[in-house]
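Structural description and commentary
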Amino acid sequence: MTLKNVITVGIILPLFAFSCGKTPQKTAPVESYQKVSPDFNSDSAYAYVDKQVSFGPRVPNTPEHVACGDYLVSSLKRFGAEVYEQKMTVTTYNGIKLNARNIIGSYGTDKKSRILLFAHWDTRPYSDQDPDPANHHKPLLGANDGASGVGVLLEVARVLQAQSPNIGVDIIFFDAEDYGPPAFDKSEPAGDWWCLGTQYWAKNPHVPNYKAKYGILLDMVGAPNAIFAKELTSKAFANDVVEKVWSTASRLNYSNYFVGRDGSGVTDDHTYVNQLRKIPSIDIIHFDADTNHNFGSYWHTQKDDMSSISKETLKAVGQTVLEVIYKEK
Ligand code: AHN
Ligand code: ZN
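Quick caveat, the model's predicted, so the values are computed rather than measured. (Residues numbered from 1 in each chain as written. Chains lettered and ligands numbered in written order. Predicted model: local features only at pLDDT ≥ 70, side-chain atom pairs only at ≥ 80, totals over all residues. Heavy atoms only, no water.)

Regarding the nonpolar core
Quick reminder of the rule: Buried Ala, Val, Leu, Ile, Met, Phe, Trp, Tyr and Cys residues form a nonpolar core when they are joined through side-chain atoms within 4.5 Å. Burial here depends on accessible area, computed with a 1.4 Å probe over protein chains only, as a share of the maximum for the residue type. Under 20% is buried, over 50% is exposed, and the range in between is partly exposed. Helix and strand assignments come from DSSP, with helices taken as H or I runs of at least 4 residues and strands as E runs of at least 2, each series counted from the N terminus.
With 67 residues, the main nonpolar core has Leu 117, Val 156, Ile 171, Phe 173, Phe 258, Ile 284 and Ile 325 as its most contacted residues. Residue contributions to this core peak at 10 residues, all from helix 4 (residues 143–162). Within the second largest apolar cluster, 12 residues are counted, among which are Leu 116, Trp 201, Ala 202 and Val 273.

Section: the pattern of salt bridges
For the record, the criterion: Should a side-chain nitrogen of Lys or Arg be within 4 Å of a carboxyl oxygen of Asp or Glu, the pair is scored as a salt bridge.
Counted by the stated rule, this structure contains 11 salt bridges. For Asp 43, the salt bridge identified is with Lys 311, shortest N-O distance 2.9 Å. Of the two residues, Asp 43 is situated in helix 2 (residues 42–54) and Lys 311 in helix 8 (residues 311–327); the sequence distance between them amounts to 268 residues. In this structure Asp 43 comes out as partly exposed when scored by relative accessible area, which is 45%.

Observations regarding the coordination of the zinc ion (ligand 2)
Cut-off, in case you're wondering: Ligating atoms shown are N, O and S within 2.8 Å of the metal, or 3.2 Å for Na, K and Ca, and water is not included, meaning a site may look less than complete.
With distances of 1.9 to 2.5 Å, the protein atoms coordinating the zinc ion (ligand 2) are Asp 145 (OD), Asp 178 (OD), Asp 178 (OD) and His 300 (NE2). Mapped onto the sequence, the residues coordinating the zinc ion (ligand 2) show the spacing D-x32-D-x121-H. On the criterion of sequence distance, the pair formed by Asp 145 in helix 4 and Asp 178 in the loop between strand 4 (168–174) and helix 5 (196–203) is long-range, its members being 33 residues apart. Judged by its relative accessible area of 2%, Asp 145 is buried. In this structure Asp 178 comes out as buried when scored by relative accessible area, which is 2%.

Description of the pairing of strand 8 (residues 281–285)
The condition that has to hold: For two strands to pair, DSSP has to find at least two bridges joining them.
Most of strand 8 is tucked away: five of the five residues are buried. The side-chain alternation of strand 8 yields two buried faces, one formed by Ser 281, Asp 283 and Ile 285 and the other by Ile 282 and Ile 284. Relative to strand 8, strand 5 (residues 214–219) runs parallel, the two sharing five bridges. Bridged to Ile 216 within strand 8 is Ile 282.

What about the site of ligand 1?
How we decide: Proximity criterion: a residue is near a molecule or strand once any of its heavy atoms comes within 4 Å of it. The term polar contact refers here to a pair of N or O atoms within 3.5 Å; inside protein, the definition further demands a hydrogen-donor-capable atom paired with an acceptor-capable atom, and it admits residues adjacent in sequence only when both atoms are side-chain atoms. Surface accessibility in these figures is a Shrake-Rupley result with a 1.4 Å probe; residues are shielded only by whichever protein chains are displayed. In this count, Pro and Cys sit with the nonpolar residues alongside Ala, Val, Leu, Ile, Met, Phe, Trp and Tyr, while Asp, Glu, Lys and Arg are called charged and the others, Gly among them, polar.
Not every one of the 13 residues close to ligand 1 is listed here, only the nearest: Asp 145, Glu 177, Asp 178, Asp 219 and Thr 267. The separation between a nitrogen atom of ligand 1 and a polar side-chain atom of Glu 177 is 3.5 Å. For ligand 1, a nitrogen atom lies 3.2 Å from a polar atom in the side chain of Asp 178. Surface burial for ligand 1 is 88%, taken as the share of its 320 Å² of free accessible area covered by protein chains. For the shell around ligand 1, the per-class residue count stands at five nonpolar, three polar and five charged.

So, the pairing of strand 4
Selection rule: Here, the term right-handed applies to a crossover whose path from the first strand over the helix to the second runs clockwise when the strands point away from the viewer.
Taken across its seven residues, strand 4 has seven buried, putting it largely inside the fold. Neither face of strand 4 is left uncovered, since the one carrying Gly 168, Asp 170, Ile 172 and Phe 174 and the one carrying Val 169, Ile 171 and Phe 173 both have all their residues buried. Note: strand 2 (residues 97–107) against strand 4, five bridges, orientation antiparallel. Within strand 4, the residue paired with Ile 103 across the bridge is Phe 173. Where strand 3 (residues 114–120) and strand 4 come together, seven bridges link them in parallel fashion. Directly across from Phe 118, in strand 4, lies its bridge partner Ile 172. Remark: the strand 3/helix 4/strand 4 crossover connection has right-handed handedness.

Comments concerning the environment of Leu 314
Applicable threshold: Only heavy atoms enter the contact rule, under which two residues are in contact if any of them lie within 4.5 Å.
The residue Leu 314 is located in helix 8 in this model. Note on Leu 314: relative accessible area 0%, which makes it buried. In sequence terms Leu 314 and Ser 148 are 166 residues apart; their C-alpha atoms lie 7.6 Å from each other. The residues touching Leu 314, leaving out its near neighbours within four places in the chain, are Phe 40, Ser 42, Ala 45, Tyr 46, Val 49, Ser 148, Val 152, Val 221, Gly 222 and Ile 309.

So, helix 2
Stated precisely, the cut-off is as follows: Expected helix span is taken as 1.5 Å per residue step, with the number of steps being one fewer than the number of residues.
With 13 residues, helix 2 should cover 18 Å at 1.5 Å per step; its first-to-last C-alpha distance of 18 Å lies within 8% of that length. At its buried positions, helix 2 is contacted by helix 3 (63–78), helix 4 and helix 8. By the N-cap criterion, in which a side-chain oxygen at the helix start approaches the backbone nitrogen of a residue two or three places on, helix 2 is capped by Asn 41, the distance to Asp 43 being 2.9 Å. Note on helix 2: the residue one or two positions beyond its end, Gly 56, has a positive phi of about 95°.

Describing unusual backbone geometry
Located in the positive-phi region is Ala 176, a residue other than glycine, with phi close to 55°. Relative to the helices and strands, Ala 176 resides in the loop between strand 4 and helix 5. A positive phi angle, near 40°, is found at Glu 188, a position not held by glycine. By secondary structure assignment, the location of Glu 188 is in the loop between strand 4 and helix 5. When its relative accessible area of 65% is taken as the criterion, Glu 188 is described as exposed.

And the structure:
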């Protein structure tokens, strides 16, 4: 560098540093990314979660379950979806027959290329992980475990009505996910007792030979500061979808939620969509390394109420899902 250059830089740099009235940034600015999706409104998603919770526990064979199901059907209709109701009877691990209902809302039904978005809407009849054994036989509110995924997808539905993406979208609220054998049942009944509504649909899809390019399950997507690690069943069946969703989240600056690490492997609704329906599907599910079950500490306890819901987390998940949808050609 010549003396003149040194002097020039020496004069110009401080000018630059102070010209904007702020201290100079230490880190290089992040490459800016222009999102293509409409805004996801987390106030609205939160209200849809709260509304579901206001019915009380949504355990199959109860009036609260029927009332919430009716609300979900009318909401999808209000948001312009073509709605199918799949009513079925499923049998639980302890031989109870449940009147179950999968609720399906479709957008762009003329489009061949489709994405499947899903969440379970029923809530668990047992709080079998509650620290107080007196609560083990009580149903739970399922603000996060149930209502959060559905609430995000209702807001996605509202956005889909306002602006059509290039691709067709099917939203399914699956029933009878959470009636699996409770921890206090030491007989541990063998069999596939979780995700009964999804298993039924995967064998009897609402449209013959239903296919989608890929599927995204939202399960427990509302907790404050939730961590979404890369769930192992998702990686095994649909690693490219995991990478698509996680890299989209990163571009939107949500890597504090969608972390790079692997989670554990979970049997969840996506398991059967992968295995039986052969649609590559992932699970966005809360991962907590500090609990023995790796879900949040509210999981399957009486604490799974609105205090386990954060608008910021709903926004991170909802905006990421919208961006994935609207980026599709
Ligand atoms: C099991 O506990 C086997 N799977 C977790 C699926 C689940 C339950 N998601 C919410 N509640
Ligand atoms: Zn559950």
